[in-house]
Amino acid sequence: MFFFICITRMIAIIMDKDKKKKEEEKELKVNNVTVPKLQIMDRFYYRITVLKFCEVINLQIPRFCYHDALSIAGNCRMCMIELASSTKPVVSCATTLAPGMEIYTNSFFIKHVRESVLEFLLINHPLDCPICDQGGECDLQDITFVYGSDRGRFREIKRAVEDIMISPYIKAIMTRCIHCTRCIRYFDEIAGVPMMGTMGRGVDTEVGTYVQTLLTSEIIGNVIDLCPVGALTSQPYAFQARPWELDFEESIDVLDSYCSNIRIDIRGNTILRILPKRNPSLNQHWITDRARFFYDALVYQRLVNPLVNGRIVKYNSKRQVDYYHSSWENAFAMIADEIFINICNHKKIFFFSGMYEDMPTIESLKKLASVIGPSEVNSNFINEVDIRND
């Protein structure tokens, strides 16, 4: 009986040791620090990448080609990490998290790898920082400042790439391109315009359209935010301001019913650009081109005086439908006269509202129409019929 108890006890001790050994093997270590099990959920394993997990534990890894809303490419090689189980560095954006991993993100080997990658990217990158619109918010600038070397070994002539024209709103200087392929994946997966790609191999690689054409899409402007360098920048914003000169206000887009979250960059009392504000449950990272570029209408081609139809007031002109400028007092006096004449003649009065009018204005117009008498308020007619020649 005593012998049986001793054997059972020894078996239990061996099983406990094996269990502890297996648990130790499953421990996840990052930079020689064991991550507490409370921070690791079972659903993380085999479902997220090492890059995303490092973000969860507040460990930043530099990247160029990776973006949350796009597929994984892994071609910039900037997010390299070192694994104890691998003799070569691996890309963290394409490596799935697994139990028992030993991850090193700040070792001497990885620092040397990052310096080499940045040195390779800067070989043909032009020194356009003083005149580049991306200056001050350029990922290549920031990452080179933190992870780059203090010297380079390239003494040959830099290459130059011909600029392309993909949209009147986008200034494309492709010599600055680092071939992260974010724009290509965006047009393929989000915009639905698969017309951009890479051509050539090695030093002759270029990003552009296979056929010289303009891209037709209502969300093409989002590549301006996606581009990590100054290859694709905003044409209306060119040479307007630097990021540190701007203040910003968070708002929503009122040009459609989607109400996308936006950020309005302001200098003084002038709006210089509009950017998307990330909202995972609404517009994610994107806004429409109308929301992004409409702000110039607040400055240019504004109606500072009312325009009066010459035919209505029997204006002496060879072209009776010409519009001429008038004062607000005369315009309101003419409106009052026309309303009075129509009321006296028992005619029905129609009021038309534009597509961008806000609800309080339309409500006030409806109250005015109800006071006048037989009248009708129409908000759809202006969108379907051109009445400029009436």
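Quick note: structure is the one above.
Being a predicted model, the structure only gives us computed values, none of them experimental.

> Please explain the sheet that holds strand β10 (residues 247-252) as it appears in this structure.
Sheets are built from strands that pair by backbone hydrogen bonding, the pairs being arranged parallel or antiparallel. Ordered by their spatial adjacency, 3 strands build an open sheet running β10-β11-β12, and the pairing between neighbours is antiparallel. Edge strands, defined here as strands with exactly one partner in the open sheet, are β10 and β12 (270-276). Averaged over all pairs of adjacent strands, the angle between strand axes in this sheet comes to 30°, irrespective of strand direction. Alignment of strand β11 (residues 261-267) against β12, held across 6 bridges, turns out to be antiparallel. Pairing of I266 across the sheet is with I271, part of β12.

> Explanation requested: the pattern of salt bridges in the structure shown.
Oppositely charged side chains are able to pair whenever their charged atoms sit close together. On inspection of all chains with the given rule, the structure shows 13 salt bridges. Where E245 meets R267, a salt bridge forms, and the shortest distance between an N and an O atom there is 3.2 Å. Of the two residues, E245 sits in the loop between β9 (232-234) and β10 while R267 sits in strand β11, which places them 22 residues apart along the sequence. A salt bridge links D265 to R273; the shortest N-O distance between them is 2.6 Å. One continuous salt-bridge network, built from bridges that share partners, spans K52, E55, R63 and D68.

> How should the sheet that holds strand β4 (residues 90-91) be read in this particular structure?
Across the sheet, 5 strands lie side by side as β2-β1-β5-β3-β4; this open sheet has mixed pairing. Only two strands of the sheet have a single neighbouring strand rather than two, namely β2 (33-34) and β4. Across 2 bridges, the pairing between strand β1 (residues 29-30) and β2 is antiparallel. Paired with V30 across the strands is V33, a residue of β2. Across the sheet, helix α3 (residues 108-121) lies against β3 (80-83) and β5 (102-104), angled at about 155° from β3, the strand it touches most.

Each value, and the rule that gives it
- Residues numbered from 1 in each chain as written.
- Predicted model: local features only at pLDDT ≥ 70, side-chain atom pairs only at ≥ 80, totals over all residues.
- Heavy atoms only, no water.
- Pairing = 2+ DSSP bridges.
- Helix = DSSP H or I, 4+ residues; strand = E, 2+ residues; numbered from the N terminus.
- Axes fitted to C-alpha atoms, helices over the stretch in contact; angles between N-to-C directions.
- Salt bridge = Lys/Arg side-chain N within 4 Å of Asp/Glu carboxyl O.
- Contact = heavy atoms within 4.5 Å.

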